[in-house]
Amino acid sequence: MIFIPPMEIATRIMTLIDNAQKELIIVSPYISIDNWQKLKKCLQRAVDRSVTITIYARENAQQNLDVLRAFKVNLILVKDLHAKIYINESYAIASSQNLIQYSDDNSIDFGYSTETEEERQQLLGLINQYLVVSIPTRLRKRDLSTDSKIANNIEIKTVFFKSADIIKIYDAFSERYNQGRTNGADTYVYCSKFFAFADLMLREGLQIRFNHLVKDRDSIVTFLENLDIKTRHYQFKKTFRGSAGRYGEFMFLPEKVYDIKLLIEDYMFICDKIKDITAHLDNSHAN
């Protein structure tokens, strides 16, 4: 890892946010950015790029997080959280600094930036192991499936797959659809222009990432919300994340996965159904 001098930590964190293209994870127990305009602009740019943003903050802390909620991020509260980590899809920063403007102006903090993908994966592994069991605090009405299992408030937790499982998903999708690629660390499968209106990412769930040419995203989101997906194996929570523009993503999040082969069957079931019903959208929504 590379040492970051105290006077450069906040700048490096904002650069990390600006460098995020697909994913941004912020772990900061205490957050106060109400008047931190430069940091808020970084977050807004990430939202505008349709970056998936997950922020972990301390549950038992007296702080106003409404500014974060306004960005429509995935806000997860963790009891007694003390770690501070900032991660995008390329590198990570581990630091003593919270996401607080006062800390930038007054505190003496230290930090390190990862140099290799292995180091980034180590920090990501810590987050997956200790933090992902927490439940997002922001769930809008449209985020909840009408499935009876969800309606009865049975929790569905985010699942992060091992690289071996990602490879299995890649093999199945490349064989069936002749599409798909993995990133260098085998943490997700990405299918460009998989649907007429969106790309597809397979990671902790099935993520439909709208492209910038979509003319009527909201109507497609409504269609996906109402899509009947009575699959044979898993229950799914439906959730939409996005800005006011044309970008954003719709996700199908599975319950705790016990068999990756069965999940792949369900993923293909959902994809085939969406493809069959939305094939006509080529001209009417994505030109």
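All values reported here derive from a predicted model rather than from experimental measurement.

Caption draft 1: Spatial organisation of the overall build of the protein chain. The secondary structure content of the protein chain amounts to 10 helices and 15 strands. Counting only contacts in the protein chain whose residues sit at least 6 apart along the sequence, the fraction spanning at least 24 positions is 66%. Put simply, the protein chain shows about 13900 Å² of open surface, and 49% of that area lies on carbon and sulfur atoms.

Caption draft 2: Structural detail: helix H7 (residues 163-177). Over its 15 residues, H7 runs 21 Å from end to end, which matches the ideal 21 Å to within 8%, given 1.5 Å per residue. Inspection of H7 places Asp165, Ile166, Ile169, Ala172, Phe173 and Tyr177 among the buried residues, and these make up the whole buried set. Relative to the axis of H7, the buried residues are bounded by an arc of 130 degrees and lie together on one face. Of the surrounding elements, those touching the buried residues of H7 are strand S10 (181-182), strand S11 (189-191), strand S12 (198-202) and helix H9 (260-278). Positive backbone phi, at 55 degrees, marks Asn178, one or two positions downstream of H7.

Caption draft 3: A look at the sheet that holds strand S13 (residues 206-210). What the 6 strands build is an open sheet, ordered S10-S11-S12-S13-S15-S14; its pairing is antiparallel. At either margin of the open sheet sits one strand with a lone partner, and together these are S10 and strand S14 (236-241). Pairing of S11 with S12 involves 3 bridges; the strand directions are antiparallel. Bridge pairing in S12 places Val189 opposite Leu202. Sheet strands touched by helix H8 (residues 217-225): S13, S14 and strand S15 (249-254). Its angle to S13, the strand with the most contacts, is close to 165 degrees.

Definitions and cut-offs
Residue positions are counted from 1 within each chain, in the order its sequence is given. Only residues with pLDDT of at least 70 get local features here, since the model is predicted, and only at 80 or more are side-chain atom pairs given and counted; chain-wide, interface and lining totals rely on the full set of residues. Heavy atoms from the whole structure form the basis of all side-chain values; hydrogens and water molecules are not counted. To qualify as a helix, a DSSP run of H or I must reach at least 4 residues; to qualify as a strand, a run of E must reach at least 2; elements of each kind are numbered from the N terminus. Between two residues, a contact is recorded if the distance between any of their heavy atoms is within 4.5 Å. Methods summary: accessible areas were calculated by the Shrake-Rupley approach with a probe of 1.4 Å, and residue burial reflects only the protein chains presented. A helix is expected to span 1.5 Å multiplied by its residue count minus one. Type-normalised accessible area, obtained with a 1.4 Å probe on protein chains alone, sets the label of each residue: buried when under 20%, exposed when over 50%, and partly exposed for intermediate values. Here the arc refers to the set of directions running from the helix axis out to each C-beta atom. Strand pairing is defined by DSSP finding a minimum of two bridges between the two strands. In this analysis, axes come from line fits to C-alpha atoms, helices being fitted only over the stretch in contact, and the angle between any two N-to-C directions falls in the range 0 to 180 degrees.

Just distances and angles here, no functional claims.
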